[in-house]
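Breakdown of the fold
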Amino acid sequence: MTYLVDGKTHEAIPRPGQCLRTFLRDLGCFGVKKGCDAGDCGACTVHIDGRPVHSCLVPAFRAENQEVTTIEGLGSPDDLHPVQQSFLDAQGFQCGFCTAGAIMTAAALDQAQRRNLPAALKGNLCRCTGYRAIADAIEGVKHVERVGAGQACGRNLAAPAGPGVVTGRVRYTMDVTPVGDLAGLTHMKILRSPHPSARILSIDTSNALALPGVVAVLTHADAPDHYFSTARHEMYTDDPDDTLVLDPVIRHIGQRVAAVVADSEGIAEAACKLIAVEYELLPAVFDPEEALRPGAHVVHDKPLSSRIAHPQRNIVAELHGHLGDVDKGFAKADAIHEGTYYIQRVQHAHLETHGAIGWLDGDGRLNMRTSTQVPFLTRDALCTLFDLPQEKVRVFAERVGGGFGGKQEMITEDIVALAVFKTGRPVKLEYTRTEQFSASTSRHPMKITVKVGATNDGLLTAISMRMLSNTGAYGNHGPGVMYHGSGECIALYRCPNKKVDSVAVYTNEMPSGAFRGYGLSQSNFAVESAMDEIARQIGMDPIEFRRRNVVVPGDPMTSADDGPHDVEYGSYGLDQCLDMVEAALARSPAPNLSDDWLVGRGVAAGMIDTIPPRGHRAESRVTLLPDGTYELKTGTAEFGNGTTTVHCQIVASLLGTTLAHVRIKQSDTDHISHDTGAFGSTGTVVAGSATREAAEDLASIILDFAASLANVGRSECKLGEGAVIAGSRRIALPVLAVAAAEAGVKLSGQGRSGGTPRSVAFNVQGFEVAIHRRYGEIRILRSIHAADAGTVMNPMQCRGQVEGGVAQAIGAALYEDLNIDGEGKVTNPTFRGYHIPAFADIPRAEVYFADTYDRIGPLGAKSMSESPYNPVAAALGNAIRDAIGVRLYATPFKADRLYKLAAEARPSQASAAAAAYEPA
């Protein structure tokens, strides 16, 4: 069969039933991405005879003798298609995994379609951007600036990977050709449990092994008897050791039972169906409150050495703390609000699913190419698990297609490593979208009861919070999410009496894990809803109430916990954020709506520590190369967080050059000795601090050497673009590099950061909404966000982080809900059944930045990847409450839950109506 792809003719025969997406990737067209395999996300969009199609839905044989164009054939780096150029000029991407599909769709739009982008782009999902940047790109808006040498910081500079992203040439984890060390690449599929709680009595793999093309079938008998946690932290003791690579005890539907390694995915899938497993079914517990009751099924019967707080009571971790006397505080209050808030399970839904490729090189060293936020911590975990020295394991990440905390886990690498060691062959494991939704991790669902007391003049007298967190079948991140969720949401407020009682509980549901905000999105919803409610009770404007009670520099930032307390006010911009949102809301024109619509406004505030506690380490190295360019090596990963650009900006600013003269190598354990990882919003403030120190170190070394070479004083030397000015002499950097090599001087700077002290960042979200009185429809009329990000290193990128965080949080507040039935099974494991925001769903956010300079972060910067997410649900709930007069106590705010309350808008018994509002 003859195929014309990107102007080249291919003679090939598709496999029976093969879709065009996999066929094109077999041809090496790696710009065609896999996000869903169901036509839902658009990441695989290509043109067939000029018409855009989702290639995962097209049988490959139907494209015979037709002209197929992929992103790599649309244009080249030297000759960009106009749409590719516009996406580059507007930086219409973040992680970039969806970008090829969006460009292919946009390139085929006519003028009428361009005037209706919500409809035109309904088939293309983006989890990162919030869609504004994509709209700007299609509409021809240019954001990228061009600046002179040494002027990089604080400017809208383009991501170094931009040309590769818009042409589809940048490589992600699965974009490999099976040659060299990957010759003979095998494929893994996982047999997963259909039961939520069981014990494996026997596994018969004989029929599977007899299938031609099967290389190996792995069971718990093949796996190391070593407990670990999939969660990754600098201190491994932060998480309980409760997980095995393959476990004979089943604790949730979707848990691994066996792994098949075969010559193709199809053979591996077929072999999984031939494995016969005999189970002993065990009792199961799905409700965390039931799990705490005496006599409940014990999910993990482990010794205390596993760092499970109370295994026999299903308690992973608990926190009980207080400041002052809350009983006396409530006795002094003129008004008290107490409410129980329910926050649902949501999925990260990054477009690139979990996956890894492992192999042994010629020296017998394990190499792991993986989609991870934590390559160094994953390397260390593999070394411990398989009893290997660090030099025998290399872990690296190419560009990562989104993370949001979901890739702060070792989810695929352990089983791939086991298969590599057992077979001696390279092994690839790539999750399907269904596996991503049902067999990875999610945000922790929580039940949080908040009680707040205040005087009539608007001063808090007491705050108490009881948190029940459902960590699921395994405790990965359970303690950390619980502790963090119990922290800054209450520490934000100046109050003499505080009490916190928090418990993280095992159940027989899929594991929860790290998720953007790390517990604060859940607790912020409860606390900020309660603050709004108490302000209304005493008749005070909610913004003014917050002004009177939020911490200010000099106040302790405490939440009844007992440490660590290395958090400082590196800068303070919360007052500016409150003012900016208040002023923006005041500028709202009266909406032109019928009487069927009820209009309301709401705000919520958030504070977040800029670095995780107990250490977060990073190292960087900057070297002057012989051609006069600079090479930066850093460990942090790029997954749409923009740290690659920021790090290059830091180097360019401090070394007096431009981004074009800075090359970066990152997220590879071979490059530097350690980096804790890109999580907790640390890519800029921790790894960036290490890069700043490395650049400053190199600048000092260069100037010292130039001074000695020119025989002038150090004060007479200055770095410039491509040269050092040494007195009256201009020494070109390549000349300097050669002279240094001849003199045995290494022009390389080192930088390290230990992640302490830590600063705080602030965010305030405001909404104006309209609620349809009869149907419960919610329309967001305005979305306003103010952020204290310190020195905004790249305003275009930082704004994108805010917009993306707000968009993701709107989805969680309004409709995202990973449903698990009464038997522990995920019932909506696809994009079709799990609604993430599409272009039409997200209003254009107004983003404002406070004018601050943080003395702790690099060049005054703060983190801003997680924090915009946190106050969104509460602000939206507060706006809805303002519109209809009823407090909503559970997310998501779906229309089918809301319409009855909207129909009874502003009832005299609002509290009674609210009490009846329970989660579905």
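About the thresholds
- Residues numbered from 1 in each chain as written.
- Predicted model: local features only at pLDDT ≥ 70, side-chain atom pairs only at ≥ 80, totals over all residues.
- Heavy atoms only, no water.
- Helix = DSSP H or I, 4+ residues; strand = E, 2+ residues; numbered from the N terminus.
- Rg over C-alpha atoms; globule rule 2.2 N^0.38 Å.
- Buried < 20%, exposed > 50% of the residue type's maximum accessible area, 1.4 Å probe, protein only.
- Contact = heavy atoms within 4.5 Å.
- Areas by Shrake-Rupley, 256 points an atom, 1.4 Å probe, with all protein chains shown as cover.
- Lys, Arg positive; Asp, Glu negative; His and termini not counted.
- Charge placed at Lys NZ, Arg CZ, Asp CG, Glu CD.
- Core = buried A, V, L, I, M, F, W, Y, C linked by side-chain atoms within 4.5 Å.
- pLDDT = per-residue confidence, 0-100.
- Pairing = 2+ DSSP bridges.
- Salt bridge = Lys/Arg side-chain N within 4 Å of Asp/Glu carboxyl O.
- Polar contact = N/O pair within 3.5 Å; in protein donor to acceptor, adjacent residues only side chain to side chain.
- Axes fitted to C-alpha atoms, helices over the stretch in contact; angles between N-to-C directions.
- Phe/Tyr/Trp six-rings, centres within 6.5 Å; stacked < 30°, edge-to-face > 60°.
- Lys NZ or Arg CZ within 6 Å of the ring centre and 35° of its normal.
- Parallel < 35°, antiparallel > 145°, perpendicular 65-115°, else oblique.
- Left-handed = near helix turned anticlockwise from the far one by under 90°.
- Nonpolar A, V, L, I, M, F, W, Y, C, P; charged D, E, K, R; others polar.
- Expected span 1.5 Å × (residues − 1).
- Patch = residues over 30% accessible without salt bridge, like charges linked within 9 Å, V, L, I, M, F, W, Y side chains within 5 Å.
- Arc of directions from axis to C-beta.

1. Details of the overall build of the protein chain
A count of helices and strands for the protein chain gives 28 helices and 31 strands. Against the globule reference of 29 Å for 920 residues, the protein chain gives a C-alpha radius of gyration of 28 Å, in line with a compact fold. Burial analysis of the protein chain (920 residues in total) assigns 64% to the buried set. A fraction of 78% describes how many contacts in the protein chain between residues 6 or more apart in sequence connect residues 24 or more apart. For the protein chain, the exposed surface amounts to about 31,700 Å²; the carbon and sulfur share of it is 50%. One finds the centroid of the 87 positive side-chain charges in the protein chain at a distance of 2 Å from the centroid of its 104 negative side-chain charges.

2. A closer look at the nonpolar core
Membership of the largest hydrophobic core comes to 163 residues, with the highest contact counts inside it found for Phe 87 and Ile 880. Not counting chain neighbours up to four residues away, the residues in contact with Ile 880 comprise Val 769, Ile 771, Ile 778, Gly 885, Leu 888, Phe 893 and Leu 898. Listed in part, the 33 residues of the second largest apolar core include Val 622, Ala 710, Ile 731 and Leu 736.

3. Observations concerning the confidence of the model for the protein chain
Of all residues in the protein chain, 98% have pLDDT values of 70 or greater, and the mean over the chain is 96. Note on residues 907–920: pLDDT under 50 across the span, and 21 contacts to partners over four residues away in sequence or across chains.

4. Examining the pairing of strand S21 (residues 597–609)
Of all the 13 residues making up S21, 11 are buried; the element is thus mostly covered by neighbouring parts of the structure. Sheet topology places S21 next to strand S29 (residues 760–772); 13 bridges connect them, and they run antiparallel. Of the residues in S29, the one forming a bridge with Met 607 is Phe 762.

5. Looking at the pattern of salt bridges
The final tally for this structure, using the stated rule, is 60 salt bridges. Taking the shortest distance from any N to any O, the salt bridge between Arg 369 and Glu 398 comes out at 3.7 Å. Of this pair, Arg 369 sits in strand S15 (residues 366–370) while Glu 398 sits in the loop between strand S16 (393–396) and helix H14 (413–423), placing them 29 residues apart in sequence. Using a relative accessible area of 10% as the deciding quantity, one classes Arg 369 as buried. A relative accessible area of 31% means that Glu 398 is categorised as partly exposed.

6. Structural notes on the side chain of Arg 21
Here Arg 21 shows up in helix H1 (residues 20–26). A polar atom in the side chain of Arg 21 sits 3.1 Å from the side chain of Asp 37. Contacts of Arg 21, omitting those with residues within four sequence positions, involve Val 32, Lys 33, Lys 34, Asp 37, Cys 44, Ser 55 and Cys 56.

7. Things to note about the sheet that holds strand S24 (residues 662–666)
Strand order in the open sheet formed by four strands is S24-S23-S22-S28, with mixed pairing between adjacent strands. Strand pairing shows two members of the sheet lacking a second neighbour, S24 and strand S28 (748–753), which therefore form its edges. In this sheet, neighbouring strand axes are inclined to one another by 15° on average, regardless of whether the strands run parallel or antiparallel. Of the strand pairs in this sheet, strand S23 (residues 630–634) and S24 are connected by five bridges, and their pairing is parallel. From the neighbouring strand, Glu 631 faces S24, where its bridge partner is Arg 663. Sitting on the sheet, helix H21 (residues 643–654) is in contact with strand S22 (618–624), S23 and S24, with an inclination near 135° to S24. Each of S22, S23 and S28 touches helix H23 (residues 687–710); the most contacted strand, S28, lies at about 150° to it.

8. A closer look at the packing of aromatic side chains
Inspection of the entire model under this criterion finds 13 aromatic pairs. A ring pair is formed by Phe 97 and Tyr 172, whose centres lie 5.2 Å apart and whose planes are at 90°; its orientation type is edge-to-face. Here Phe 97 is found in the loop between helix H3 (82–90) and helix H4 (99–107), whereas its partner Tyr 172 is found in the loop between helix H8 (162–167) and strand S6 (186–192), with 75 residues between them in sequence. According to the relative accessible area criterion, Phe 97 is buried, its value standing at 5%. Judged by relative accessible area, which is 1%, Tyr 172 ranks as buried. Following the ring pairs from residue to residue traces out a cluster consisting of Tyr 341, Phe 525, Tyr 889 and Phe 893. Stacked on the ring of Phe 396, the Lys or Arg Arg 394 has its end atom at 4.0 Å from the ring centre. The ring centre of Phe 330 lies 4.4 Å from the NZ or CZ of Lys 451, which sits over that ring.

9. Concerning the packing of H21 against H23
Packed helices, taken two at a time, are described by their axes: the angle between them and the distance between them. Contact pair H21 / H23: the axes reach a minimum separation of 9 Å and the direction vectors enclose 25°. Between H21 and H23, the angle is such that the two are roughly parallel. Here H21 and H23 pass one another in a crossing that is right-handed. Contacts between H21 and H23 involve His 647, Ile 650, Val 651 and Leu 654 from the first element and Ala 687, Gly 688, Thr 691, Arg 692, Ala 695, Glu 696 and Ala 699 from the second. The residue makeup of the contact of H21 with H23, split by class, is six nonpolar, three polar and two charged.

10. Observations regarding helix H18 (residues 520–537)
For an α-helix the count is 3.6 residues per turn, leaving residues at separations of three or four pointing the same way. Taking 1.5 Å as the rise per residue, H18 with 18 residues should run 26 Å; its terminal C-alpha atoms sit 25 Å apart, in good agreement. Counting buried positions over the 18 residues of H18 gives 16, a clear majority of the element.

11. A look at the packing of H18 against helix H26 (residues 872–884)
For the pair H18 and H26, interaxial distance at closest approach is 8 Å and the crossing angle is 35°. Taken as a pair, H18 and H26 cross one another with a handedness that is right-handed. Here Asn 524, Phe 525, Glu 528, Ser 529, Asp 532, Glu 533 and Arg 536 of H18 come into contact with H26, specifically with Ala 873, Ala 874, Asn 878, Arg 881 and Asp 882. Its residues placed into classes, the contact of H18 with H26 shows three nonpolar, three polar and six charged.

12. Some points on a nonpolar patch on the surface
On the surface, Met 1, Ile 13 and Phe 61 cluster together to form a nonpolar patch covering roughly 320 Å² of accessible area. Residue position: Phe 61 is located in the loop between strand S4 (51–54) and strand S5 (67–69). On the basis of relative accessible area, Phe 61 is assigned to the partly exposed category, the value being 47%.

13. Looking at helix H20 (residues 574–586)
Along its 13 residues, H20 runs 18 Å from first to last C-alpha, staying within 8% of the 18 Å computed at 1.5 Å per residue. Taken together, the buried positions of H20 are Leu 574, Cys 577, Leu 578, Val 581, Ala 584 and Leu 585. The buried residues of H20 occupy one face: seen down the axis, they fall within an arc of 135°. Here the buried face of H20 lies against helix H19 (542–549), S21, S29, strand S30 (778–788) and strand S31 (845–849).

14. Side note on unusual backbone geometry
The omega angle of the peptide bond from Thr 756 to Pro 757 is 0°, so this bond is cis rather than trans. Following the sequence through the fold, Pro 757 ends up in the loop between S28 and S29. At Asp 37, a position not held by glycine, the phi torsion is positive, near 65°. For Asp 37, the location among the structural elements is in the loop between H1 and strand S3 (45–48). A relative accessible area of 37% places Asp 37 in the partly exposed class. Here the phi dihedral of Ser 667 falls at roughly 50°; this positive angle occurs in a residue that is not glycine. Structurally, Ser 667 can be placed in the loop between S24 and helix H22 (682–685). When its relative accessible area of 2% is taken as the criterion, Ser 667 is described as buried.

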